[in-house]
Amino acid sequence: MIKYRIKFIKEGKAAYISHLDLMRTMHRVFIRAGVRVRHSEGFNPHPKMVFAMPLSVGAESECELMDFELDNETDTSVLPQKLTAVMPEGITVTECYAAEEKFKEISWLRVYGRFEYDGGGAADKSAALKSFFDLPQIVIHRKTKRGAADSDIKPSVREIAFEACDAYTVSVSAVIAAGDRPLNPELLVSALEQLALELKPDFAKFRRIAMYKTDENGALFEFK
Amino acid sequence: MDRRLERILPRVQKPARYTGGEYNQIIKNKSDIDVRIAFCFPDTYEIGMSNLGMRILYGVFNDMPGVWCERAFAPWGDMADEMRRAGIPLYALESGDPIGYFDMIAFSIGYEMAFTSVLDMLDMAGVPLRSDEREGLSPLVCAGGTACYNIEPIAEFIDLCFIGEGEELDVEVVELYRKAKREGWTKTEFLRQACRIQGVYVPRFYDIEYNGDGTVKSITAREGAPDKVLKRVVEDFSGAYFPEHPIVPSTEIVHDRVSLELFRGCIRGCRFCQAGFIYRPVRPRGADRLIEQGISSLKNTGYEEVTLSSLSTSDYRPLSGLCDGLLEWCEPNNVSLSLPSLRADNFSIDLMHKVQRVRKSGLTFAPEAGTQRLRDAINKNVREEDLLNSCRIAFEGGWSGLKLYFMLGLPTETDEDVRGIADMALNVLRTWKAYASNKNRGARITVSTSFFVPKAHTPFQWEAQIPIDEYRRRVRILKESITAKAITYNWHEPETSYIEAVLSRGDRRLSKVIETVWRRGGRLDAWSDYFSFERWMDAFSECGIDPDFYAARERGRDEIFPWSMIASGVSDSFMWREREMAYTGELSPDCRAKCTGCGANRLLKGGRCDD
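Keep in mind that this is a model prediction, so the values were computed, not measured.

### Structural notes on the overall build of chain A
And step 1. Within chain A one finds 4 helices and 11 strands.
And step 2. Seen along its three principal axes, the alpha-carbon backbone of chain A occupies a region of about 55 × 35 × 35 Å.
And step 3. Looking at the 224 residues of chain A, the share that counts as buried comes to 50%.
And step 4. Taking the intrachain contacts of chain A between residues at least 6 apart in sequence as the baseline, contacts between residues at least 24 apart amount to 71%.
And step 5. Of the roughly 11000 Å² of accessible surface on chain A, 51% is carried by carbon and sulfur atoms.
And step 6. Seen as two clouds, the 31 positive and the 33 negative side-chain charges of chain A have centres 5 Å apart.

Here it is in structure tokens:
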């Protein structure tokens, strides 16, 4: 038994495939590609496939990871092309390799966001956004499974930068927590809605760029 | 992707329904295309994508060079509202282009409750609703599917109907359209030529006159249209197109599996069943071909389930060999085989063991009526001892759950017949007690009743539907008669079936009712989330139309039906004979035991069915 990992892009139309549907889709993709994934034992066998981190519906990513088990060693170099050929539109497998690092080591994510302001003034918004996220604390009200609570999202934002692309669009580049106190990037917008409504974009879309782990000094390394 | 759409999609439920991009969808280069078809299904994506007919015709159209067929479905309410608010017209999933600019807008209409959605989709596309308001050749609004056997209630909105099977007919119409477009014909010129193709019905070429009592006085064909439009069938069904590369939806749909069609038509002749008559004659597909198609589709899709589809699967002669052939591939590949709609009379041990070898699915039988007398009247040739015998086999084999389907309100039904349903269910439970191999899990027997809707092109087309209150009374009788805890009773609410009864035998005067219902927000009427009985009843009274005239009236033998210009190939005299036999409780043999001379064999060269 060998555990392999694929890295894939999920974008465009595929951004709207939910996590549950993605699992079903991946299962079928492997069957179409003729790659026999190991199944769990038991009454209702299911394929052994595990995703690193679920992605919100509508968000894109160029660094999704999924593990699967095969009975025998395989030539991983052909798999990206072979799997991509039978994917729905918008999913591209970029790499395949034996899985070594553990998903729980993933501690930070780099995300890119596009904030759209229908009223324009992106340059001013960009500067104001920077000041807002420079505040020492950003306490927002959030609903979790355990109920509603106030919490400071600032420790979950390691880096954040804004840039006006044109009069209506500000691009956001941020490194946000994925391990302890994970942050859904949508909460960056919730923070604006709650604390600086004038800065809330009319539309925001996010894309995951990279997954990171940290060493003992806290330095970032790309998770493989 | 459209920027406006990108903003809406994160806000709606199950947005993957609205994006396209699924595996095996067909994308063509627009510069190579001279006919663009929007295949529209007037229900949700999950229902429409589960429809085998749609998958077949999608493949048939796209196999034509120069033709690009794309899909559109009725958006759920949240999406429809968002699209209207943002001014996004109904678009095709493949290209994202608005369908209002396509050459043909072709609806597949399987049931009457979809009529309001047809109007809604036309409106969302920005297309004028009525045929006479659309002057140009494009978009040509067409309809096919079983509802077209009586399309009269929406005839004023449709330019052209496909009657019968589309594999060959639709191609001929598209080729004629291509010629018309190239040569610059007017819409009328095109329709005049099109109605000469067998199976094409052009509603505007038929003038309907009514008697003082509201019945049809006469139907007059004009412009060279045939007096009777005879349905089309695919003569060589075994060799007919089958989609071996079907689209694999990226989100869950209702029937998310490979579906193999064993045969068209049915040998049985149950007198209430429209499908049993309009799909005649029986034409099987060879088992070897089905096995090949099944394996190929499974490989091409990655599906883990294959199902056998037909009107009566256990009547497929080589069923056992077919199952063996499929299982030989399915078992080592973790694919399960399921068999829907088994008849209770010839359910065999052999077959049961086959379906359970990979995964055990639920068992459903449809005796339809509770007493032998009534089953004889409807020509459902199932005997209680056969049903109980099948149940015994199933219970011995480890099944503990069973669903039994019945109808209430069948012609000649008495209270004794209604109580017979409870007796039958109790006998099934007793059989479980006597024979179940595994009693630990307890028996789960479910009885469901629906409200009988008399349909056009059946021997019961002359019948009155029983009143809603009477249906409710019979439900109460049955409910009181079922006392065992292990038997669950579910019944359908009757309002939708009443409206269905009005529409299924309706005429053109109902078009204003349907339009009124739609204008007041009616759409997706097959869904209880959206159906409003009040809205329908208000529309009837506003339009001055008595719905009971259509639902609750027994027709005389010589009455001209609104759908009399449509011929299924089964003769009127046969239908009437079958109706009379229902009242005398006489059975008709199935087509294999003895030909009953329905006339459908004349649709085949050589006149032989079921070869």
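### So, the overall build of chain B
And step 1. In terms of regular secondary structure, chain B is built from 20 helices and 19 strands.
And step 2. Taking 2.2 N^0.38 as the reference for a compact globule, 611 residues should give roughly 25 Å; the C-alpha atoms of chain B span a radius of gyration of 24 Å, in line with that estimate.
And step 3. Taking all 611 residues of chain B together, the buried fraction comes to 62%.
And step 4. If you take every contact in chain B between residues at least 6 apart in sequence, the share linking residues at least 24 apart comes to 77%.
And step 5. Of the roughly 22800 Å² of accessible surface on chain B, 48% is carried by carbon and sulfur atoms.
And step 6. Between the mean site of the 80 positive side-chain charges and the mean site of the 90 negative ones, chain B shows a separation of 2 Å.

### Considering the interface of chain B and chain A
And step 1. Across the boundary between the two partners, chain B contributes 32 residues, which contact 26 residues of chain A.
And step 2. Roughly 2300 Å² is buried in total at the junction of chain B and chain A, and carbon and sulfur atoms are behind 47% of that figure.
And step 3. On the surface where chain B and chain A come into contact, there are 7 salt bridges.
And step 4. For Arg-24 of chain A, the salt bridge identified is with Glu-252 of chain B, shortest N-O distance 3.5 Å.
And step 5. Applying the counting criterion to the chain B and chain A interface returns 16 residue pairs in polar contact (both at pLDDT 80 or more).
And step 6. Among the secondary structure elements, those contributing two or more residues to the side of chain B that touches chain A are helix 1 (3-8) and helix 9 (287-301) of chain B.
And step 7. Along the lines of polarity and charge, the residues of the side of chain B that touches chain A split into 11 nonpolar, 11 polar and 10 charged.

### A few points about the side chain of Asp-525 of chain B
All names here are of chain B.
And step 1. Take Asp-525: it is sitting in the loop between helix 17 (511-519) and helix 18 (533-543).
And step 2. In this structure, Asp-525 is buried with no salt-bridge partner, the nearest side chain bearing the opposite charge being Arg-535 at 4.7 Å.
And step 3. Engagement of the side chain of Asp-525 in a polar contact is seen with the side chain of Trp-536, the distance being 3.5 Å.

### Remarks on the domain arrangement of chain B
Residues and elements named next belong to chain B.
And step 1. Assigned domains within chain B: domain 1 (3-25 + 32-230) and domain 2 (258-492 + 569-584).
And step 2. Taking only C-alpha atoms, the centre of domain 1 and the centre of domain 2 are 32 Å apart.
And step 3. Listed per partner, the contact involves 13 residues of domain 1 and 15 residues of domain 2.
And step 4. Buried area between domain 1 and domain 2, summed over both chains or domains, comes out near 1000 Å², and the portion from carbon and sulfur atoms is 45%.
And step 5. Together, Leu-52, Tyr-149 and Glu-165 form the three largest contributors to the area buried by domain 1 at its contact with domain 2, with a combined 50%.
And step 6. Counting the contacts that link domain 1 with domain 2 gives 4 salt bridges.
And step 7. Note that Glu-165 and Arg-283 form a salt bridge whose closest N and O atoms lie 2.8 Å from each other.

### Some details on the packing of aromatic side chains
And step 1. Under the definition given, this model contains 24 aromatic pairs over all chains.
And step 2. With a centroid separation of 5.0 Å and an interplanar angle of 85°, the aromatic rings of Phe-132 of chain A and Phe-133 of chain A are classed as edge-to-face.
And step 3. Judged by centre distance (5.6 Å) and plane angle (80°), the rings of Tyr-177 of chain B and Phe-190 of chain B are edge-to-face. Here Tyr-177 of chain B, found in helix 6 (residues 166-183), pairs with Phe-190 of chain B, found in helix 7 (residues 187-194); they are 13 residues apart in sequence, far enough to count as distant. A single burial state applies to Tyr-177 of chain B and to Phe-190 of chain B, both of which are buried.
And step 4. These aromatic residues form a ring-pair network of at least three members: Trp-462, Phe-561, Trp-563 and Trp-576 of chain B.
And step 5. The ring centre of Trp-108 of chain A lies 5.5 Å from the NZ or CZ of Arg-158 of chain A, which sits over that ring.
And step 6. Stacked on the ring of Phe-102 of chain B, the Lys or Arg Arg-36 of chain B has its end atom at 4.4 Å from the ring centre.

### A closer look at unusual backbone geometry
Residue and element names in this part refer to chain B.
And step 1. In this structure, Pro-139 follows Ser-138 across a cis peptide bond, with omega equal to -5°.
And step 2. Its location among the elements puts Pro-139 in the loop between helix 5 (115-124) and strand 4 (140-144).
And step 3. Here Arg-280 and Pro-281 are connected by a cis peptide whose omega angle stands at -5°.
And step 4. On the secondary structure map, Pro-281 appears in the loop between helix 8 (274-278) and strand 12 (283-284).
And step 5. Of note in the backbone geometry, Glu-223 takes a positive phi value of approximately 55° without being a glycine.
And step 6. By the element assignment, Glu-223 lies in the loop between strand 8 (216-221) and strand 9 (229-230).

### Focus on the sheet that holds strand 17 (residues 444-451) of chain B
Residues and elements named next belong to chain B.
And step 1. The strand order across the open sheet formed by 4 strands is 15-16-17-18, and the pairing between neighbours is parallel. The open sheet has two edge strands, strand 15 (363-368) and strand 18 (487-491), and neither has a second partner. Averaged over all neighbouring strand pairs, the angle between strand axes comes to 20°, with direction disregarded.
And step 2. Helix 13 (residues 384-396) contacts strand 15 and strand 16 (401-408) of the sheet and is inclined by roughly 170° relative to strand 15.

### So, the domain arrangement of chain A
All names here are of chain A.
And step 1. By the assigned domains, chain A splits into domain 1 (2-100) and domain 2 (105-222).
And step 2. For domain 1 and domain 2, the distance between their C-alpha centres works out to 28 Å.
And step 3. On inspection of domain 1 and its partner domain 2, the count reaches 5 salt bridges.
And step 4. Two residues, Arg-207 and Glu-11, come together in a salt bridge whose shortest N-O distance is 3.0 Å.
And step 5. Our enumeration of links across domain 1 and domain 2 arrives at 12 residue pairs in polar contact (both at pLDDT 80 or more).
And step 6. Of all the secondary-structure elements, those providing two or more residues to the side of domain 1 that touches domain 2 are strand 1 (2-10) and strand 3 (60-70).
And step 7. Among the residues making up the side of domain 1 that touches domain 2, the classes are represented as 9 nonpolar, 3 polar and 5 charged.

### Some thoughts on the environment of Val-229 of chain B
All names here are of chain B.
And step 1. Topologically, Val-229 is positioned in strand 9.
And step 2. As for Val-229 and Cys-148, which are separated by 81 residues in sequence, their C-alpha atoms are 11 Å apart.
And step 3. When neighbours within four sequence positions are excluded, Val-229 is seen to be in contact with Ile-163, Gly-199, Val-200, Tyr-201, Tyr-206, Met-565, Ile-566 and Ala-567.

### Observations concerning the sheet that holds strand 10 (residues 258-261) of chain B
Residue and element names in this part refer to chain B.
And step 1. Pairing in this open sheet of 3 strands is parallel, and the strands run 10-13-14 from one edge to the other. For this open sheet the edge positions go to strand 10 and strand 14 (336-338), each flanked by a neighbour on one side alone. Taking each pair of neighbouring strands and ignoring which way they run, the sheet shows an average axis angle of 25°.
And step 2. Contacts between helix 9 and the sheet are confined to strand 10 and strand 13 (305-309), with strand 10 contributing the most and set at about 165° to the helix.
And step 3. Taken strand by strand, helix 10 (residues 319-330) contacts strand 10, strand 13 and strand 14, and its axis lies near 170° from that of strand 13.

Analysis parameters
- Residues numbered from 1 in each chain as written.
- Chains lettered and ligands numbered in written order.
- Predicted model: local features only at pLDDT ≥ 70, side-chain atom pairs only at ≥ 80, totals over all residues.
- Heavy atoms only, no water.
- Helix = DSSP H or I, 4+ residues; strand = E, 2+ residues; numbered from the N terminus.
- Buried < 20%, exposed > 50% of the residue type's maximum accessible area, 1.4 Å probe, protein only.
- Contact = heavy atoms within 4.5 Å.
- Areas by Shrake-Rupley, 256 points an atom, 1.4 Å probe, with all protein chains shown as cover.
- Lys, Arg positive; Asp, Glu negative; His and termini not counted.
- Charge placed at Lys NZ, Arg CZ, Asp CG, Glu CD.
- Rg over C-alpha atoms; globule rule 2.2 N^0.38 Å.
- Buried area = accessible area lost by both parts, 1.4 Å probe.
- Salt bridge = Lys/Arg side-chain N within 4 Å of Asp/Glu carboxyl O.
- Polar contact = N/O pair within 3.5 Å; in protein donor to acceptor, adjacent residues only side chain to side chain.
- Nonpolar A, V, L, I, M, F, W, Y, C, P; charged D, E, K, R; others polar.
- Domains from an automatic or database assignment.
- Phe/Tyr/Trp six-rings, centres within 6.5 Å; stacked < 30°, edge-to-face > 60°.
- Lys NZ or Arg CZ within 6 Å of the ring centre and 35° of its normal.
- Pairing = 2+ DSSP bridges.
- Axes fitted to C-alpha atoms, helices over the stretch in contact; angles between N-to-C directions.

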